[in-house]
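Observations on the three-dimensional arrangement
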Amino acid sequence: MRRRQQPPLAKRHGLDPARLRLPEQGTWATIRDHLVERLPRVPAARIDEMLCAGDIVDLGGPIAPDAPYVPGGAVWFHRDLPDETPVPFEITVVHRDEDLLVVDKPHFLSTIPRGQHILETALVRLRRDLDLPELIPAHRLDRATAGLVVFVITPARRGAYQTLFQKRRVSKRYEAIARHDPGLEFPRTIRSRIIKERTILRAFEVEGEPNAETLVELIEHRDGLGRYRLSPKTGRTHQLRLHMNGLGIPILGDDFYPEITDRPVHDFTRPLQLLAAGLEFTDPISGAPRRFETTRALQAWTDYQSWAASRPA
């Protein structure tokens with residue numbers, strides 16, 4: 001088995017350096033010239049600054065500002081981090097053993113670095129706070145959704161646990177708070193075809209053979225609100241949110257369905273009332289049954305008045 005090449009730069013903030021392979025064909029005189037063309041969003045002055053500081057390296061060490069271009073070579077560097085608003089909520093550790101770390105992720109915290117969310121993500125926080133530099137998620141949870149996320153501690157066993165989720169061998173249970181409609185009968189199974197295009201924020205239900213299925217159950221209701229159990233059989237983007245919206249009872253706090261709400265990134269009020277509440281699977285290493293339950297509860301159910309009043313001034 002081919003071993004993964006170790007980068008010549010150490011992790012920073014729990015993140016590996018970026019690696020750029022230099023094309024075999026090219027007319028650049030220097031590596032600097034190639035980087036200026038290759039990274040148009042990075043000002044040339046910033047690339048010069050990084051080269052002078054020795055922050056861009058190859059396997060031999062820091063690259064000089066006038067180092068000649070090397071076809072087929074590679075360089076490593078740490079990308080500049082965006083300014084981020086701290087997410088003022090903690091991650092709760094639900095379970096930890098030599099292989100797995102299971103946590104309760106709060107609302108508004110992304111699972112992995114993406115876009116403008118780098119340090120303020122569950123992965124980076126956990127790598128740093130628990131000193132687990134090789135930690136990797138077995139699956140992902142939307143930034144807007146709170147609840148259980150499984151991370152793999154042992155690098156050699158990442159594939160086994162990630163495959164469980166990829167092949168849908170994990171039983172997932174969610175809870176959601178939405179309007180109670182006495183005209184709707186539960187339990188009921190929703191099947192539809194969902195598509196999501198990369199450049200569009202929302203997903204859509206369209207005509208065609210179903211590719212998404214959710215069992216929706218009403219656990220209890222009071223004061224016009226319902227507490228629902230959602231058991232997805234598939235894992236399409238925004239599936240639970242779309243299926244609840246399609247019933248005419250969108251999940252409280254949903255900024256995408258039925259309409260997009262322009263929420264500032266620093267607004268941590270009125271979170272989406274969707275919680276990844278339970279996970280069950282057969283451990284691929286030991287063969288033992290695994291079951292994890294959330295430690296969290298949805299605010300709109302426990303204290304609706306406080307949740308409803310939590311709009312920014």
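In the block above lies the structure referred to throughout.
These remarks concern the structure in this document.

Notes on the packing of helix 1 (residues 31-38) against helix 2 (residues 44-52)
Following both chains from N to C, one finds helix 1 and helix 2 inclined at 140 degrees, their axes separated by 10 Å at the closest point. Relative to helix 2, the element helix 1 is oriented oblique. Crossing of helix 1 against helix 2: the hand is right-handed. In this structure, helix 1 contributes Arg 32, Leu 35 and Val 36 to the contact, and helix 2 contributes Ala 44, Ile 47, Asp 48 and Leu 51. Within the contact of helix 1 with helix 2, the residues separate by chemical class into five nonpolar, no polar and two charged.

Quick look at the pairing of strand 6 (residues 100-105)
The buried fraction of strand 6 amounts to six of the six residues, a majority that puts the element mostly inside the structure. Here strand 6 shows two buried faces, one formed by Leu 100, Val 102 and Asp 104 and the other by Leu 101, Val 103 and Lys 105. Across four bridges, strand 5 (residues 92-96) lies against strand 6 in antiparallel orientation. Bridge pairing in strand 6 links Val 93 to Val 103. A loop of three residues connects strand 5 with strand 6, the two strands running antiparallel in sequence. Pairing geometry for strand 6 and strand 8 (residues 146-152), over six bridges, is antiparallel. Its bridge partner being in strand 8, Val 102 is matched across the sheet by Val 150.

What to know about a positive patch on the surface
Judged by side-chain charge, Arg 114, Arg 140, Lys 196 and Arg 198 come together as a positively charged surface patch. Overall, Arg 114 belongs to the exposed group, its relative accessible area being 64%.

Some thoughts on helix 4 (residues 158-166)
Those residues of helix 4 not exposed but buried are Arg 158, Tyr 161, Leu 164 and Phe 165. Summarising the axial view, the buried residues of helix 4 lie within an arc of 135 degrees, below the 170-degree limit, and thus occupy one face. Looking at the buried positions of helix 4, the neighbouring elements they touch are strand 6, strand 7 (136-137), strand 8, strand 9 (171-179), strand 14 (274-282) and strand 15 (289-293). One or two steps after helix 4, the chain reaches Arg 168, where phi turns positive at roughly 55 degrees.

Here we look at the side chain of His 238
Mapped onto the secondary structure, His 238 falls in the loop between strand 13 (225-232) and helix 5 (239-246). At a separation of 2.7 Å, a polar atom in the side chain of His 238 contacts the side chain of Tyr 257. If we ignore the near neighbours within four places in the chain, the residues touching His 238 are Asp 142, Leu 201, Ala 203, Phe 256 and Tyr 257.

Section: the pairing of strand 4 (residues 74-77)
Judged by which residues are buried, strand 4 turns out to be covered on both faces: Ala 74 and Trp 76 on one side and Val 75 and Phe 77 on the other are all buried. Taken together, the four bridges between strand 1 (residues 18-21) and strand 4 define a ladder with antiparallel strand orientation. Directly across from Arg 19, in strand 4, lies its bridge partner Trp 76.

Quick look at the side chain of His 78
Here His 78 lies in the loop between strand 4 and strand 5. Within the local environment of His 78, its side chain forms a polar contact with the backbone oxygen of Ala 10, the two atoms lying 2.8 Å apart. Aside from chain neighbours lying at most four places away, what touches His 78 is Leu 9, Ala 10, Lys 11, Arg 12, Leu 15, Asp 16, Pro 17 and Met 50.

About the thresholds
Residues numbered from 1 in each chain as written. Predicted model: local features only at pLDDT ≥ 70, side-chain atom pairs only at ≥ 80, totals over all residues. Heavy atoms only, no water. Axes fitted to C-alpha atoms, helices over the stretch in contact; angles between N-to-C directions. Helix = DSSP H or I, 4+ residues; strand = E, 2+ residues; numbered from the N terminus. Parallel < 35°, antiparallel > 145°, perpendicular 65-115°, else oblique. Left-handed = near helix turned anticlockwise from the far one by under 90°. Contact = heavy atoms within 4.5 Å. Nonpolar A, V, L, I, M, F, W, Y, C, P; charged D, E, K, R; others polar. Buried < 20%, exposed > 50% of the residue type's maximum accessible area, 1.4 Å probe, protein only. Pairing = 2+ DSSP bridges. Patch = residues over 30% accessible without salt bridge, like charges linked within 9 Å, V, L, I, M, F, W, Y side chains within 5 Å. Areas by Shrake-Rupley, 256 points an atom, 1.4 Å probe, with all protein chains shown as cover. Salt bridge = Lys/Arg side-chain N within 4 Å of Asp/Glu carboxyl O. Lys, Arg positive; Asp, Glu negative; His and termini not counted. Charge placed at Lys NZ, Arg CZ, Asp CG, Glu CD. Arc of directions from axis to C-beta. Polar contact = N/O pair within 3.5 Å; in protein donor to acceptor, adjacent residues only side chain to side chain.

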